[in-house]
Amino acid sequence: MASSAIVRRAILLLALLVFLGYIMMWIIMPTDTYYNHWLLHILSATNSTFFGIQGPIMLDFTFPILFIAVLGCIYLHLGEKKSSITERLCAALVQASPYALSHKRRKRVGKQSGESGFSGRGGGNLCLAFLFYPVTRGSSILPVLGLTSEGSIKYHIWLGNIAMVLFTLHGFLYFVYWGFTNRLSELGRYLCCVDWPCGVTTYPTIRRKMFELFFYTHYLYILFLIFFIFHTGIGFACIMLPGLYLFLIDRYLRFLQSREKVRLFSARVLPCHTIELNFSKTRGLSYNPTSTIFINVPSISKLQWHPFTITSNSNLEPETLSVIIKCEGSWTRKLYDVISSPSPIDHLQVSVEGPYGPATTNFLRHDMLVMISGGSGITPFISIIRELIFIRSTLKCKTPKIKLISVFKNFSNLSILDLILPTSSYSPNSGNLDLQIEAYVTRENGNHKGKFEPSRTICFKPNASDEPISPALGPNSWLWLGAIISSSFTIFLVLLGLFTQYIVYPVDQNTYKLYSYTKKASVNMLIICFSIVIAASGAFLWNKKQSAKEAKQLEHTEESTTIKSSEDVELEILPLESVTKSINVHYGHRPNLKRILMEIKESNVGALVSCPKEMREDVAAICSSGQADNLHFESISFTW
């Protein structure tokens, strides 16, 4: 462990030195002309035409950030447990480097594109440099920062909106300029505004009420990127290349994983229009609490992918992955109707992407955890509670006290509390949690006799082609990702050099004027995509072969479970009383959060919230009021 910590610190130090040297190099470099590039001088001294002018520009823009991404993969593979000031500074330099260089680059790439342009394009291009990092779900950049993609999606929205405004301003100023100079004929060349549909449909009201419209129009980003590169030239677009390159690798790996049909062996139907889906997974797939997974059901929609929080624990339930889905939209309503119909189907085809989640969690640092949820927001807390059950029962470690405050609209929603405990692999005698549940039913009184209807469990018969959910790149996924980044970029540089040496150079004889920039941009995009496809496909297929062996072992285990009955059965659910200190149900009002939080006397209390925005802001205000120094606010809520 000590040697591993030393290696991790050395990796962070190396990354920090690389980026400090990178920035200093550009501070002292001459900026007179675009051709004053240090690599060009070296290449010209050796009479080399292998890369031409584009290779060095792409190399110094892209290599340092891809290098830090590879170092981040090694760092995460070694199992970092804490976030340090050094790593935050290092990651900040990764994303700050395009900004530090943007002013100097603007002088150079402007000459390549043949125009200086209005400042709106430069600012928009700077936004594009950051735009793809938050949506690169499997990147090593965000975990090193202690961030997740779902928690950073707001930055993607902000940057996208700012870029749309700046690009619109850029175009508007040109229209005004052409109007004053009697050149309105130029308008026909710049009327392709594919960014507007993407931007307009991202507004919360449109996105939530017409999600399909938002989802389908967002694919126009592909056309936007193509037209942007054609418009500005590949040199100017190099500023956004590092983030785009990592995004393309992640997107292609997600595509490969999404082609697999996963094994859904059962579903539990609750009386509150909620279902729990139980998938088979390989033991090599591990994830942390609050992780999410994207689910696609082709029979409902072939294009829609929806994220759900994983409620199972990879240690407590090594061969099962579970999610809870509540009817809150058209897609979830259709899924619920299919599964809960009086004549349920015996097989449901499902594909997944993920899981994605935090690289580390550290809930044990608190003396007490206060979990405040609203409706389906309880799902991330179920995963945390199961993790604490594993730690206490298996590792015999001390766990914090837990107070779960759940707010529901109706009495039937209380049935979700039955899903807090796993259905197997847990013995109530192995150690009890200090868990207290305070449930609030806001729209009904307490005149309920007896209990709600019991849940139903439907068993499915998986097809022979269905496979357990497994990590796309195997148990050593971070190392494989680092190998894909480095090998694909090497392939890209070699192919770019061959293209320049044998196609571009014979045409323009290194004058940088004759060969079409549009053709160069097209070929560069094709080479980038080809390099990523070759490297990522090889790594994916190799690990798929290894996962197939483990999948065969799971088939025999699941056959005994699914052959028990093709009819509806009821799983044995451990009583909540086996691990809870008390369960109190309150009717007709909301919880007094300020009173509840102020009455807690423990010295270190984590206030975790997964609830609507208004309640979330109330808890944040209480924790930051200064009246209670022992409260530490943490939001687990996110909005796609």
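- Going by the annotation in an unreviewed UniProt entry, the name recorded for the protein is ferric-chelate reductase (NADH), with Sesamum radiatum given as the source organism.
- Of the protein, the UniProt comment under Cofactor (unreviewed entry) reads exactly: "FAD".
- In its Sequence similarities (unreviewed entry) section, the UniProt entry covering the protein states "Belongs to the ferric reductase (FRE) family."

### Some points on the overall build of the protein
Consideration 1: Across its full length, the protein holds 19 helices and 13 strands.
Consideration 2: In the protein, which comprises 640 residues, the proportion classed as buried is 51%.
Consideration 3: Contacts in the protein between residues far apart in sequence, at least 24 positions, make up 82% of those at least 6 positions apart.
Consideration 4: A total of about 29600 Å² of accessible surface is found on the protein, and carbon and sulfur atoms cover 60% of it.

### Focus: the pattern of salt bridges
Consideration 1: What the rule picks out here adds up to 10 salt bridges.
Consideration 2: Arg254 is the salt-bridge partner of Glu353, the closest N and O atoms lying 3.3 Å from each other. Note that Glu353 is positioned in strand E6 (residues 351-356) and Arg254 in helix H13 (residues 241-258), a separation of 99 residues in sequence.
Consideration 3: Here Glu276 makes a salt bridge to Arg268, at a shortest N to O gap of 3.1 Å.
Consideration 4: Of the residues examined, Arg268 reaches a relative accessible area of 2% and is grouped as buried.
Consideration 5: Salt bridges linked by common partners bring Arg137, Asp250, Arg254 and Glu353 together as one network.

### Examining the UniProt feature "transmembrane region" (unreviewed entry) in the protein
Consideration 1: Those residues carrying the UniProt feature "transmembrane region" (unreviewed entry) are residues 12-29, 57-78, 157-180, 219-249, 478-503 and 523-542 in this numbering.
Consideration 2: As annotated, residues 478-503 has a helix share of 100% and a strand share of 0%, and its two end C-alpha atoms lie 37 Å apart.
Consideration 3: Along residues 523-542, the helical share is 100% and the strand share 0%, with 29 Å between the first and last C-alpha atoms.

### Here's the deal with helix H14 (residues 330-340)
Consideration 1: Here H14 has its buried residues at Trp331, Thr332, Leu335, Tyr336, Ile339 and Ser340. The buried residues of H14 occupy an angular sector of 145° when projected down its axis, which confines them to one face.
Consideration 2: Where H14 is buried, its residues meet strand E1 (264-270), strand E2 (274-280), strand E3 (292-296), strand E4 (306-309), strand E5 (320-326) and strand E10 (456-459).

### What to know about unusual backbone geometry
A negative phi angle characterises most non-glycine residues, just as the trans form characterises most peptide bonds.
Consideration 1: Between Gly354 and the following residue, Pro355, the backbone shows a cis peptide bond with an omega angle of 10°.
Consideration 2: When you line up the elements, Pro355 lands in strand E6.
Consideration 3: The backbone of Thr290 sits at a positive phi, close to 75°, despite the residue not being glycine.
Consideration 4: Locating Thr290 in the fold gives a position in the loop between E2 and E3.
Consideration 5: A residue is classified by how much of its surface remains accessible, and Thr290, at 14% relative accessible area, is buried.

### So, the sheet that holds E10
Consideration 1: Taken together, four strands build an open sheet; the order of strands is E5-E2-E1-E10 and the sheet is antiparallel. At either end of the open sheet lies a strand with only one pairing partner, and these are E5 and E10. Put simply, the sheet's adjacent strands are angled 20° from each other on average, direction ignored.
Consideration 2: As paired elements, E1 and E2 share six bridges and run antiparallel to each other. Bridged to Leu270 within E2 is Thr274.
Consideration 3: Relative to the sheet, H14 contacts E1, E2, E5 and E10, its axis offset from that of E2 by approximately 75°.

### A short note on the sheet that holds E6
Consideration 1: Strand order across the open sheet formed by three strands is E4-E3-E6, with antiparallel pairing between neighbours. Either end of the sheet is taken by a strand with one partner, and the two such strands are E4 and E6. In this sheet, adjacent strand axes meet at a mean angle of 25° when their direction is disregarded.
Consideration 2: In terms of strand pairing, E3 meets E6 through four bridges, oriented antiparallel. Bridge pairing links Asn296 to Ser351 in E6.

### Focus: the pairing of E1
Regular strands have side chains that alternate between both faces of the sheet.
Consideration 1: Counting buried residues along E1, seven of its seven residues qualify, which places the element largely inside the surrounding structure.
Consideration 2: The antiparallel hairpin formed by E1 and E2 contains three residues in its connecting segment, where His273 sits at a positive phi of about 55°.
Consideration 3: By the bridge criterion, four bridges tie E1 to E10 in an arrangement that is antiparallel. Each bridged residue has a counterpart across the sheet, and for Arg268 the counterpart in E10 is Thr457.

### Let's talk about helix H15 (residues 379-393)
Consideration 1: In a regular helix each residue adds 1.5 Å, so 15 residues correspond to 21 Å; H15 covers 21 Å between its end C-alpha atoms and thus fits that length.
Consideration 2: Across the 15 residues of H15, 14 count as buried, placing the element largely inside the fold.

The rules behind each value
Residues numbered from 1 in each chain as written. Predicted model: local features only at pLDDT ≥ 70, side-chain atom pairs only at ≥ 80, totals over all residues. Heavy atoms only, no water. UniProt positions renumbered as here; feature names shortened; annotations may be inferred. Helix = DSSP H or I, 4+ residues; strand = E, 2+ residues; numbered from the N terminus. Buried < 20%, exposed > 50% of the residue type's maximum accessible area, 1.4 Å probe, protein only. Contact = heavy atoms within 4.5 Å. Areas by Shrake-Rupley, 256 points an atom, 1.4 Å probe, with all protein chains shown as cover. Salt bridge = Lys/Arg side-chain N within 4 Å of Asp/Glu carboxyl O. Arc of directions from axis to C-beta. Pairing = 2+ DSSP bridges. Axes fitted to C-alpha atoms, helices over the stretch in contact; angles between N-to-C directions. Expected span 1.5 Å × (residues − 1).

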